Number of protein chains: 2
Amino acid sequence: MATGEGRRRVTIADVASHAKVSTTAVSKVIRNAYGVSPAMRERVNAAIEELGYRPHAAARAMRGRTYTIGLMLPHIRNPFFADILDGLMDQLAGTDYQAIMIQGGATRTTERRAVDALIDRQVDGIVMVAPLAAKTRLEEVAGQIPTVVLGRHERSTVYDAVFDDDETGAELAVQHLIDLGHRRIAHITHQDDSSARPGDLLHKIRSEAYERVMREHGLADEIAVATTYYSEEGGYQGTLELLNRSPRPTAIFAGADQAAFGALAAVHESGLSVPGDVSIAGYDNTRLAALPNISLTSVDQNGALMGKTSGRLLLERFEGRTSAVRFSVTPRLVQRNSTAPAPGTAHDKPTT
Amino acid sequence: MATGEGRRRVTIADVASHAKVSTTAVSKVIRNAYGVSPAMRERVNAAIEELGYRPHAAARAMRGRTYTIGLMLPHIRNPFFADILDGLMDQLAGTDYQAIMIQGGATRTTERRAVDALIDRQVDGIVMVAPLAAKTRLEEVAGQIPTVVLGRHERSTVYDAVFDDDETGAELAVQHLIDLGHRRIAHITHQDDSSARPGDLLHKIRSEAYERVMREHGLADEIAVATTYYSEEGGYQGTLELLNRSPRPTAIFAGADQAAFGALAAVHESGLSVPGDVSIAGYDNTRLAALPNISLTSVDQNGALMGKTSGRLLLERFEGRTSAVRFSVTPRLVQRNSTAPAPGTAHDKPTT
DNA sequence: CAGGCGATGGGTAACGTTACCCATAATTCA
DNA sequence: TGAATTATGGGTAACGTTACCCATCGCCTG
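In every chain, residue numbers begin from 1 and rise along the written sequence. By the order in which they are written, chains take letters starting at A while ligands take numbers starting at 1. Totals for whole chains, interfaces and linings use all residues, but because this is a predicted model, local features are given only for residues with pLDDT of at least 70 and pairs of side-chain atoms are given and counted only at 80 or more. Computation of side-chain values: all heavy atoms of the structure, hydrogens and water removed.

Taking an unreviewed UniProt entry as the reference, chain A is identified by name as LacI family transcriptional regulator belonging to Actinomadura rudentiformis.

K.L.:
Sorry, what's going on with the overall build of chain A here?
P.N.:
Secondary structure elements are defined from DSSP: runs of H or I of at least 4 residues count as helices, runs of E of at least 2 residues count as strands, and each element is numbered from the N terminus. The helix and strand inventory of chain A stands at 12 helices and 12 strands. Once the C-alpha set of chain A is aligned to its principal axes, its extents read approximately 85 × 40 × 35 Å. For chain A, buried positions account for 55% of its 352 residues. For chain A, the proportion of contacts with a sequence separation of at least 24, taken over those separated by at least 6, is 69%. Of the roughly 14500 Å² that chain A leaves accessible, carbon and sulfur atoms contribute 49%. Burial classes: relative accessible area under 20% of the type maximum marks a residue as buried, over 50% as exposed, and values in between as partly exposed (1.4 Å probe, protein chains only). Here a residue-residue contact requires only that any non-hydrogen atoms of the pair lie within 4.5 Å. The Shrake-Rupley method, run with a 1.4 Å probe sphere, supplies the accessible areas, and residue values consider only the shown protein chains as cover.

K.L.:
Please clarify how the domain arrangement of chain A should be interpreted in this entry.
P.N.:
Interface extent is often summarised as the accessible area lost during association of the parts. Throughout, the edges of the domains are those of an automatic or database domain assignment. Its domain assignment divides chain A into domain 1 (12-55), domain 2 (68-164 + 303-329) and domain 3 (166-296). Its C-alpha centre places domain 1 of chain A at a distance of 59 Å from the equivalent point of domain 3 of chain A.

K.L.:
Even after reading the chapter, I still don't get the protein's contact with DNA strand D, so can you show me in this structure?
P.N.:
Contacts to DNA strand D come from 24 residues, most closely from I12, R31 and Y53 of chain A together with Y34 and M62 of chain B. Here, proximity means that at least one heavy atom of the residue falls within 4 Å of the molecule or strand. For DNA strand D, the fraction of protein-proximal atoms (within 4 Å) that sit in sugar or phosphate groups is 60%. Pairs of N or O atoms within 3.5 Å make up the polar contacts considered here, provided that, within protein, one atom can donate a hydrogen while the other can accept it, and that residues adjacent in sequence are counted only when both atoms are side-chain atoms. Contacts to DNA strand D include I12 of chain A, whose backbone N or O atom sits 2.6 Å from a phosphate oxygen. S37 of chain B is positioned such that a nitrogen or oxygen atom in its backbone is 2.9 Å from a phosphate oxygen of DNA strand D. For the surface near DNA strand D, the elements supplying multiple residues, two or more each, are helix 2 (23-31) and helix 4 (57-63) of chain A together with helix 2 (23-31) and helix 4 (57-63) of chain B. No other element matches the 4 residues that helix 4 of chain A contributes to the surface near DNA strand D. Of the residues that constitute the surface near DNA strand D, the class distribution is 11 nonpolar, 8 polar and 5 charged. Amino acid classes used here: Ala, Val, Leu, Ile, Met, Phe, Trp, Tyr, Cys and Pro are nonpolar; Asp, Glu, Lys and Arg are charged; the rest, including Gly, are polar.

K.L.:
What exactly am I supposed to notice about the UniProt feature "domain: HTH lacI-type" (unreviewed entry) in chain A here?
P.N.:
UniProt positions are given in the numbering used here, feature names are shortened, and annotations may be inferred rather than shown by experiment. This chain's UniProt record puts "domain: HTH lacI-type" (unreviewed entry) on residues 10-64 of chain A. Strand forms 0% of residues 10-64 of chain A and helix 69%; the C-alpha atoms that close the span are 19 Å apart.

K.L.:
Before we go on, may I ask you to explain the packing of aromatic side chains in this structure?
P.N.:
Aromatic rings in a pair are described by how distant their centres are and how their planes are angled relative to each other. The pairing test for Phe, Tyr and Trp rings, Trp by its six-membered ring, is centres within 6.5 Å, and the orientation test on the planes gives stacked under 30 degrees, edge-to-face over 60, and tilted for anything in between. Considering all chains together, one arrives at 6 aromatic pairs over all chains under this definition. Between the aromatic rings of Y67 of chain B and Y97 of chain B, the centroid separation amounts to 5.2 Å while the plane-to-plane angle is 50 degrees, which identifies the pairing as tilted. With Y67 of chain B in the loop between helix 4 and strand 1 (68-73) and Y97 of chain B in the loop between helix 5 (79-92) and strand 2 (98-103), this pair connects stretches of sequence that are 30 residues apart. Ring plane angle 50 degrees and centroid distance 6.3 Å describe the contact between F80 of chain B and F81 of chain B, whose orientation is recorded as tilted. In terms of burial, F80 of chain B and F81 of chain B fall into one category: buried. Aromatic rings pair up to connect Y67, Y97 and F318 of chain A into one cluster. For R206 of chain B, the ring lying beneath its charged end belongs to Y283 of chain B, and the centroid distance is 3.6 Å. A positively charged side chain is recorded as over a ring if its NZ (Lys) or CZ (Arg) lies within 6 Å of the ring centre. The angle to the ring normal must also be within 35 degrees.

K.L.:
Looking at this structure, how should I read the protein's contact with DNA strand C?
P.N.:
Looking at DNA strand C, there are 24 residues lining it, with Y34 and S37 of chain A together with I12, R31 and Y53 of chain B nearest. Sugar and phosphate atoms constitute 61% of the interface atoms of DNA strand C, taking the interface as everything within 4 Å of the protein. Contact between DNA strand C and T24 of chain A: a base nitrogen at 2.9 Å from a side-chain N or O atom of the residue. Taking Y53 of chain B, its side chain carries an N or O atom lying 2.5 Å from a phosphate oxygen of DNA strand C. Listed by contribution, the elements that provide at least two residues to the surface near DNA strand C are helix 2 and helix 4 of chain A together with helix 2 and helix 4 of chain B. It is helix 4 of chain B that provides the largest number of residues to the surface near DNA strand C, a total of 4 residues. Among the residues making up the surface near DNA strand C, the classes are represented as 11 nonpolar, 8 polar and 5 charged.

K.L.:
Help me out: how do you make sense of the side chain of D164 of chain A in this one?
P.N.:
All names here are of chain A. Mapped onto the elements of the fold, D164 is located in strand 5 (residues 160-164). Asp and Glu count as negative and Lys and Arg as positive, but His and the ends of the chain are not part of the count. Whenever a carboxyl oxygen of Asp or Glu lies within 4 Å of a side-chain nitrogen of Lys or Arg, that contact is scored as a salt bridge. No salt bridge forms around the buried D164; measuring N to O, its nearest opposite-charge neighbour R206 is 4.5 Å away. Once residues lying within four places of it in the same chain are set aside, the contact partners of D164 are H153, Y283, Q301, M306, V329, T330 and P331.

K.L.:
Would you mind going over the packing of helix 5 of chain B against helix 12 (residues 303-318) of chain B with me for this structure?
P.N.:
Packed helix pairs are specified by the crossing angle of their axes together with the interaxial distance, meaning the distance between the axes. Residue and element names in this part refer to chain B. The convention used is that axes are lines fitted to C-alpha atoms, helices contributing only their stretch in contact, and that angles between N-to-C directions extend from 0 to 180 degrees. Two elements in contact, helix 5 and helix 12, have axes whose closest approach is 6 Å; the angle formed by their N-to-C orientations is 40 degrees. Between helix 5 and helix 12, the angle falls in the class oblique. Read as a crossing pair, helix 5 and helix 12 show a hand that is right-handed. Where helix 5 approaches helix 12, its residues F80, D83, I84, G87, L88, D90, Q91 and L92 are matched on the opposing element by G303, A304, M306, G307, K308, G311, R312 and L315. Across the contact of helix 5 with helix 12, the residue classes break down as 7 nonpolar, 5 polar and 4 charged. In these notes the angle categories are as follows: under 35 degrees is roughly parallel, over 145 is roughly antiparallel, 65 to 115 is roughly perpendicular, and the rest is oblique. Crossing handedness: left-handed means the near helix sits turned counterclockwise from the far one by under a right angle, and right-handed means the same turn made clockwise.

K.L.:
How should I be thinking about the relation of the copies chain A and chain B in this particular structure?
P.N.:
Here two copies of a chain appear, and what relates them is a rotation about an axis with a shift along it. Least-squares superposition of the copies uses the C-alpha atoms of those residues scoring a pLDDT of at least 70 in each of them. The two copies are related by a screw motion: chain A maps onto chain B through a turn of 180 degrees and a shift of 0.1 Å along the axis, at an RMSD of 0.1 Å. Expressed as an axis order, the relation between the two copies is that of a two-fold axis. Interface overlap between copies: 100% of the residues of chain A at the interface are likewise at the interface in chain B, consistent with a symmetric, same-surface contact.

K.L.:
Please clarify how helix 5 (residues 79-92) of chain A should be interpreted in this entry.
P.N.:
The α-helix winds at 3.6 residues per turn, so residues separated by three or four positions along the chain end up facing the same way. All names here are of chain A. Its 14 residues place the ends of helix 5 20 Å apart at the C-alpha level, agreeing with the 20 Å of an ideal helix rising 1.5 Å per residue. Buried residues dominate helix 5, accounting for 11 of its 14 residues. Among the residues of helix 5, those classed as buried are P79, F80, F81, A82, D83, I84, L85, G87, L88, Q91 and L92. With a side-chain oxygen lying 2.9 Å from the backbone nitrogen of F80, the N-terminal cap of helix 5 falls on N78. Backbone geometry just downstream of helix 5 places G94 in the positive-phi region, at approximately 90 degrees. Given the number of residues in a helix, its expected span is that number minus one, multiplied by 1.5 Å.

K.L.:
Quick question: what am I supposed to make of the interface of chain A and chain B here?
P.N.:
Across the contact, 56 residues belong to chain A and 56 residues belong to chain B. Here chain A meets chain B over a buried area of about 5100 Å², counting both sides, of which 55% is carbon and sulfur. Contact with chain B buries area across many residues of chain A, yet I76, R77 and N293 of chain A alone supply 15% of it, more than any other trio. The tally of links between chain A and chain B comes to 10 salt bridges. Among the ionic pairs, R77 of chain A bridges to D83 of chain B, the shortest N-O distance being 2.9 Å. For the interface between chain A and chain B, the tally reads 21 residue pairs in polar contact (both at pLDDT 80 or more). By buried area we mean how much accessible surface two parts lose on assembly, using a 1.4 Å probe and totalling the loss over both.

Next up, the structure:
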């Protein structure tokens, strides 16, 4: 276990000479390859232990696998992504695989750079969370390396897809507000730089489901959308804009909790109360939403399960699966105190 | 710019033959090395462009640098870390370096695995945020690879250190509460698995500063510490424990905003109000703290600056600096509505 | 008992890049 | 003008690992 200061790294050759066997034999033991006797295995493992050998991932990358999975996140501020990572790491625990993360940023250009960086570093598989890239680009990536796309809905034959049923989720939220007697229900959506088809992006799906449900209830004229960002700042700005309209909405469905937090701030700063004057619902059910003095009604999507599944799908790909898989998570509504019957409505809370 | 599906990667050799020059020449152009004519440079760059060549980081790792900086974060749920990453990426923008992240987890074992993984992947430099490892381990890592330790206070001659003046920060918070007339001021600290010397860990420094200031004001008997975690759950549990004591504290200084959020929840659930019955102060001044319905008094430490500086220090190391540098950020108190004069105190808010 | 076969171990050429060195041409200087 | 120096380009051996192939040995089978 001696690991000296600036000392040269322990290599497979060191292990081989220490165990008095060939480097090939050592490599076989490490990889659990065929053709090693138990005696040999033990001998080599002892030497590995003694010298504190660890495989050099970069060297491995030249020939075989790196045992690395790359996770591209748009950014790390959203705690929902932490759930995804938790699930992924949970799945990877006990395997030889390591997860590394990279921040994709807000534009297609930065995202491309980030994903290229992962490919250049020869990760064995990639999980892209809510990517902005066009489908052709996703398939190009997936053509080079096993890929899971998380949060997009389009069908592909080359990559696996994991996503929440955003249509249902948005429906749950809007329906809930309608049930509470609201009619002027506004929506905050996310502006992106994506070149994906609108119908494949989660925020588009949520906003379209919002509009559809509104129309289905004869509320087409009440549709009001602020297009900002799924972030606190975005929610804040969007809400200020919505509250300025006349008549102002009595409820806001924010497409993400982060935006809902900003909405809460904006409503308070406008001298209005939640849910007295304005009801607010979010999406993601982040832990913060459960805090009593936020108590945000939100749509829960099982991020940990999505992350875990992404990992599993990649491991399956490594084992040889070539057919594409789609995995969908069903959302559910978590009612809290940020939503209440519309002002002036004699309305009983619906029984769940 | 043609990048076919499963096609073989474009290598330096492809570029060389396409440009009708040697691979050496291509390598020189890429690395901006000495000994290339402008004509050669242009020729090679044209070929690179045309073929869509990107350097293979793993191959580079075998000889030179990977242009990769590894960022070890204990976990990604804390939005404060997002500030650090933002600062780091800001510094790295415009350079050839890429930042990758890895989650260290809650124990020394998982952290070690994570950092080893970065080393095995041959990153050029490492930034370790609030590591749990013993100083000897940190120096062992730094002996192999340029390292910045963020959030620890000990002096080292081998790695660079970036940290907040936690002593002053904690002092600001506690002093603020004392100024408001509070006497029964409790503290929530973080339990760790670290083998660092207590005086070097930020949460120990904060808790010791808390105790010191209390004693300096003759409040030694009022010292009450709950040792849980810097997380929502930890803050929640710790606060329940503290509120159970009799007499209960009128103020709680949580060592981190995340814990303070949990504390807010616990106070509310106990049927008490903030700041009416209990004042709460946090640390980190995360964006959430500024939301009107949280409005948490908190100590601001400039995370972006710390991240940016970490990046700068690494780049300097790559340029050849060998002496160790320490960089300290000065915190400041941001007063909001979660702190107020102690119940039953005729006290004017101190002018700032 | 010869031929063959499975089990085991090793030799070696890659993988893509760079550091080091050498060769040649072009230019400068005395 | 000859020698020395500089500028420019290329050849080649690594870096650490693995995939592929071959050699050997003991044993089984007909």
